[in-house]
Amino acid sequence: MYILIDDQKIVIKKANSIVKRFFGLMGKTDFNYGLLFKHTNSIHTFFMKENIDIIGFNKNNEVIFKALNIPKNKIIKINNKIKNTSVLELPSNTSKKVKIGDKLTFVSE
């Protein structure tokens, strides 16, 4: 699966197990993909090696939250119901042109 942001194709991996959800991008360096957390409304950046971008979106894939270049040791909470919210972690500064209200399109390969 991938998403196009600013004509850049970014591969998206799913954090679809307890282990993947817990570890996320912890300890990763020079990653060029995003990580999707379905049905969550918060993430943390503890033990991260690099800053990341965060996009929160609702069940209609509409962006409801965006934060750029988030450093390590932060907790990010999106004010929305867990069952209706998902979070996308991306490499730092890849989502500069994404705006609140934009609709994300995920493409299966």
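One structure accompanies this document, and this report is about it. (Residues numbered from 1 in each chain as written. Predicted model: local features only at pLDDT ≥ 70, side-chain atom pairs only at ≥ 80, totals over all residues. Heavy atoms only, no water.)

Concerning the sheet that holds strand β2 (residues 8–14)
Right, on to step 1. Taken in spatial order, the 7 strands make up an open sheet running β6-β5-β8-β3-β2-β1-β9, and their pairing is mixed. Of all the strands in the sheet, just β6 (63–70) and β9 (106–107) have a single pairing partner and so form its edges. (Pairing = 2+ DSSP bridges. Helix = DSSP H or I, 4+ residues; strand = E, 2+ residues; numbered from the N terminus.)

Points about a nonpolar patch on the surface
Right, on to step 1. On the surface, V19, F22 and F23 cluster together to form a nonpolar patch covering roughly 320 Å² of accessible area.
Right, on to step 2. By the element assignment, F22 lies in helix α1 (residues 18–23). (Patch = residues over 30% accessible without salt bridge, like charges linked within 9 Å, V, L, I, M, F, W, Y side chains within 5 Å. Areas by Shrake-Rupley, 256 points an atom, 1.4 Å probe, with all protein chains shown as cover. Salt bridge = Lys/Arg side-chain N within 4 Å of Asp/Glu carboxyl O.)

Focus: the packing of aromatic side chains
What characterises a pair of aromatic rings is the spacing of the ring centres plus the angle enclosed by the ring planes.
Right, on to step 1. For the structure shown, the criterion picks out 3 aromatic pairs.
Right, on to step 2. Arranged with centres 4.9 Å apart and planes meeting at 85°, the rings of F22 and F23 form a pair that is edge-to-face.
Right, on to step 3. Here F57 and F106 contribute two aromatic rings whose centre-to-centre distance is 5.6 Å and whose plane-to-plane angle is 40°, an arrangement assigned as tilted. One end of the pair, F57, is in strand β5 (residues 52–58); the other, F106, is in strand β9, with 49 residues separating them in the sequence.
Right, on to step 4. Positioned above the aromatic ring of Y33, the side-chain terminus of K13 is 4.0 Å from the ring centre. (Phe/Tyr/Trp six-rings, centres within 6.5 Å; stacked < 30°, edge-to-face > 60°. Lys NZ or Arg CZ within 6 Å of the ring centre and 35° of its normal.)

Some points on the nonpolar core
Right, on to step 1. In this structure, L25, I43, I52, I54, I70 and V87 are the most contacted members of the largest nonpolar core, which totals 15 residues.
Right, on to step 2. Only β3 (33–37), β5 and β6 provide two or more residues apiece to this core.
Right, on to step 3. At 3 residues, β3 tops the list of elements feeding residues into this core.
Right, on to step 4. Here I54 is in contact with I43, F65, K66, A67, I70, V87, L88 and E89, once residues within four sequence places are set aside. (Core = buried A, V, L, I, M, F, W, Y, C linked by side-chain atoms within 4.5 Å. Buried < 20%, exposed > 50% of the residue type's maximum accessible area, 1.4 Å probe, protein only. Contact = heavy atoms within 4.5 Å.)

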